[in-house]
Amino acid sequence: MREYLLTLCVVAAVTYLLTGPVRKFAIAWGAMPAIRARDVHREPTPRLGGIAMFGGLCAGLLVASQLTNVGEVFRLSDEPRALLSGAGLIWLIGVLDDRYGVDALIKLGLQMIAAGVMVLQGLTILWLPVPTVGMVAVTPLQGTLLTVALVVITINAVNFVDGLDGLAAGMVGIAAAAFFLYAYRIWYGYGIEAAAPATLFAAILLGMCLGFLPHNLHPARIFMGDSGSMLLGLVLAAGAVSVTGQVDPDAMRLFSGSIRNAVFEMVPVYMPLLLPLTIIAVPFVDLVLAIVRRTWNGHSPFSADRGHLHHRLLEIGHSQSRAVLIMYFWSALIAFGAVAYSVQSANALLVPTVMVLSLVGLVVLLMPRFTPRVPAWAHRLVPPRYRVPERAPALAPEVGAESPSGPGAPAAPASLHGLNGATAVGDRQRFAVRRKIDSRS
């Protein structure tokens, strides 16, 4: 665990430190497009945040290759090299798209090529868990098609959800944390060494998201762009493919007596296939709805619009920060709920707990204009919008000063108190003194 945490911290630190210089480079290079009709930000913001993420990915793989235990992954498997090859290609495509723009169909074809590069180096699905049957081996062609489909779907799902400040990085970070817990349990809990690459990929992915988030939270100073969103989707899909394709059915048989019994008795057999789908459930639903909506309206499935889930949250009255937090909540509920079910599938309290949390999420979703307030002692711990406004005391008039409206005039309104109010009252007092001097002269 310590080596994985060290790798995570290195990735997060490198990504965080690189993001500032990358932002200046993006501005100088002109990777700061004008605001489009579907955008929700009001000022042009530089892209190319994926450059910093890719730097963190390379640093994490380099550090991990020199560690004692994690380093064995590089000596026993070609999957880290396959990930680096596919990530480098998809990152280069994203950088060109962020700066110059790439046609959607061409970008889709290049995504498939990047997935194919990983397949050629051994990162592919070899078998699938089938209910009531067990682990079923797939042919090389079937494995290639399934791998490419999973990678492309995940890349575009993450790309589609990247529409608000901090949304994609936070949701993928939540997914990476849940996937890390699951893969680490398979690796050290069950002793299945083939899950080690997926554990490493999840730790690196979480570090990339944590390092980039401080720069990307609302109001964002830089966007990850397609170079970042497609990179995150590819790394997430690579971890899912690694677990699904490399967990040995014979190893699972050791724990439950037979493959068929393992299917019924051990939910983790299904999790390599189901967990990636639960992790990207929210982005995937958004992707499917977008394709159906655009096709129904006679537009290209790849044409941009303002019909995504986060756009709808803004339309019903949620702020950007609240919409992002709602998406975080649902992603965490689905991802960590799936992981918890794989560990405690027989626990009778798990399903009611998830149902209660879902009800809480629905209540918050239907209260877009509710702003919680916190007491004065906690003001330093929360953003200004959650602080109860304090009323400034009324300013006492100077001795001998007379109001321009006479002694019986009402006091200045509450809106004049404070800095602006003090200025307004002072002007009135000076006016009264000047009028007295003029009358005497």
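Predicted model, so just to flag it, every value in this text is computed and none were measured.

## Looking at the overall build of the protein
- The number of helices and strands found in the protein is 17 helices and two strands.
- Looking at the 441 residues of the protein, the share that counts as buried comes to 47%.
- Excluding contacts between residues fewer than 6 apart, the proportion of contacts in the protein whose partners are at least 24 apart in sequence is 74%.
- Counting only carbon and sulfur atoms, one obtains 66% of the accessible surface of the protein, whose full area is about 22100 Å².

## Here's the deal with unusual backbone geometry
- Here the phi dihedral of L48 falls at roughly 70 degrees; this positive angle occurs in a residue that is not glycine.
- The residue L48 is located in the loop between helix 1 (2-29) and helix 2 (49-65) in this model.
- Under the relative-accessibility criterion, L48 is labelled buried at 0%.

## Observations concerning the pattern of salt bridges
- Evaluation of the coordinates by the stated rule reveals four salt bridges.
- The shortest N-O distance in the salt bridge between R81 and D78 comes to 3.2 Å.
- A residue is classified by how much of its surface remains accessible, and R81, at 42% relative accessible area, is partly exposed.
- Classification of D78 as partly exposed rests on a relative accessible area of 47%.
- The shortest N-O distance in the salt bridge between K107 and D226 comes to 2.8 Å. Residue K107 is found in helix 5 (residues 104-120), and its partner D226 is found in helix 9 (residues 225-246); the two are separated by 119 residues along the sequence. The residues K107 and D226 share a single accessibility class, namely buried.
- One network of salt bridges, with partners in common, ties together D97, K107 and D226.

## Concerning helix 7 (residues 167-189)
- Over its 23 residues, helix 7 runs 32 Å from end to end, which matches the ideal 33 Å to within 8%, given 1.5 Å per residue.
- Across the 23 residues of helix 7, 19 count as buried, placing the element largely inside the fold.
- Two residues or fewer after helix 7 comes G191, characterised by a positive phi angle close to 75 degrees.

## Remarks on the environment of Q142
- Tracing the chain through its elements places Q142 in helix 6 (residues 140-161).
- By relative accessible area, which is 42% here, Q142 ends up partly exposed.
- Through-space distance from the C-alpha of Q142 to that of L126 is 8.8 Å; in sequence the pair is 16 residues apart.

## Concerning a nonpolar patch on the surface
- A cluster of nonpolar side chains, contributed by I153, F284, V288 and V292, occupies part of the molecular surface with about 300 Å² of accessible area.
- If one sorts the elements of the nonpolar patch by residue count, helix 13 (residues 281-296) sits on top with three residues.
- Tracing the chain through its elements places F284 in helix 13.
- By relative accessible area, which is 35% here, F284 ends up partly exposed.

## Concerning the nonpolar core
- In terms of nonpolar packing, the biggest core is built from 92 residues, with Y4, L57, I90, M208, L231, L232 and L234 touching the most fellow members.
- The biggest single contributor to this core is helix 7, with 17 residues.
- For L231, the contacting residues outside a window of four places in its chain are G50, M53, F54, L57, A87, I90, M208 and D226.

## Overview of helix 8 (residues 196-216)
- End to end, helix 8 covers 30 Å across 21 residues, agreeing with the expected 30 Å (1.5 Å per residue, within 8%).
- By the criterion of burial, helix 8 is predominantly enclosed, with 19 of the 21 residues buried.

## Details of the side chain of T15
- Along the chain, the position of T15 falls in helix 1.
- The exposure class of T15 is buried, given its relative accessible area of 0%.
- What T15 contacts, discounting residues up to four positions off in sequence, is A52, M53, G56, G207, M208, G211 and F212.

## Some remarks on the packing of aromatic side chains
- Per the stated rule, a full pass over the model turns up eight aromatic pairs.
- With 6.2 Å between their ring centres and 85 degrees between their planes, Y4 and Y184 make a pair best called edge-to-face. Linking Y4 in helix 1 with Y184 in helix 7, this pair joins segments that are 180 residues apart in sequence.
- Among the aromatic side chains, those forming a connected cluster through ring pairs are Y4, F180 and Y184.
- Of note, R99 hangs over the ring of W29, and the distance from its end group to the ring centre comes to 5.6 Å.

## Some details on the confidence of the model for the protein
- Taken residue by residue, the protein gives an average pLDDT of 76. The fraction at 70 or more is 65%.
- Low pLDDT (under 50) marks residues 253-266, which in the prediction has 25 contacts with non-local residues, meaning those over four places away or in another chain.
- Counting interchain partners and residues more than four positions distant, the pLDDT-below-50 stretch residues 398-425 has 21 contacts.

## Re the environment of P33
- Within the secondary structure, P33 sits in the loop between helix 1 and helix 2.
- The exposure class assigned to P33 is partly exposed, which follows from its relative accessible area of 30%.
- For the pair formed by P33 and Y100, sequence separation is 67 residues and the distance between their alpha carbons is 9.7 Å.
- When near neighbours in sequence (up to four residues on either side) are disregarded, P33 contacts P44, T45 and R47.

Conventions and cut-offs
Residues numbered from 1 in each chain as written. Predicted model: local features only at pLDDT ≥ 70, side-chain atom pairs only at ≥ 80, totals over all residues. Heavy atoms only, no water. Helix = DSSP H or I, 4+ residues; strand = E, 2+ residues; numbered from the N terminus. Buried < 20%, exposed > 50% of the residue type's maximum accessible area, 1.4 Å probe, protein only. Contact = heavy atoms within 4.5 Å. Areas by Shrake-Rupley, 256 points an atom, 1.4 Å probe, with all protein chains shown as cover. Salt bridge = Lys/Arg side-chain N within 4 Å of Asp/Glu carboxyl O. Expected span 1.5 Å × (residues − 1). Patch = residues over 30% accessible without salt bridge, like charges linked within 9 Å, V, L, I, M, F, W, Y side chains within 5 Å. Core = buried A, V, L, I, M, F, W, Y, C linked by side-chain atoms within 4.5 Å. Phe/Tyr/Trp six-rings, centres within 6.5 Å; stacked < 30°, edge-to-face > 60°. Lys NZ or Arg CZ within 6 Å of the ring centre and 35° of its normal. pLDDT = per-residue confidence, 0-100.

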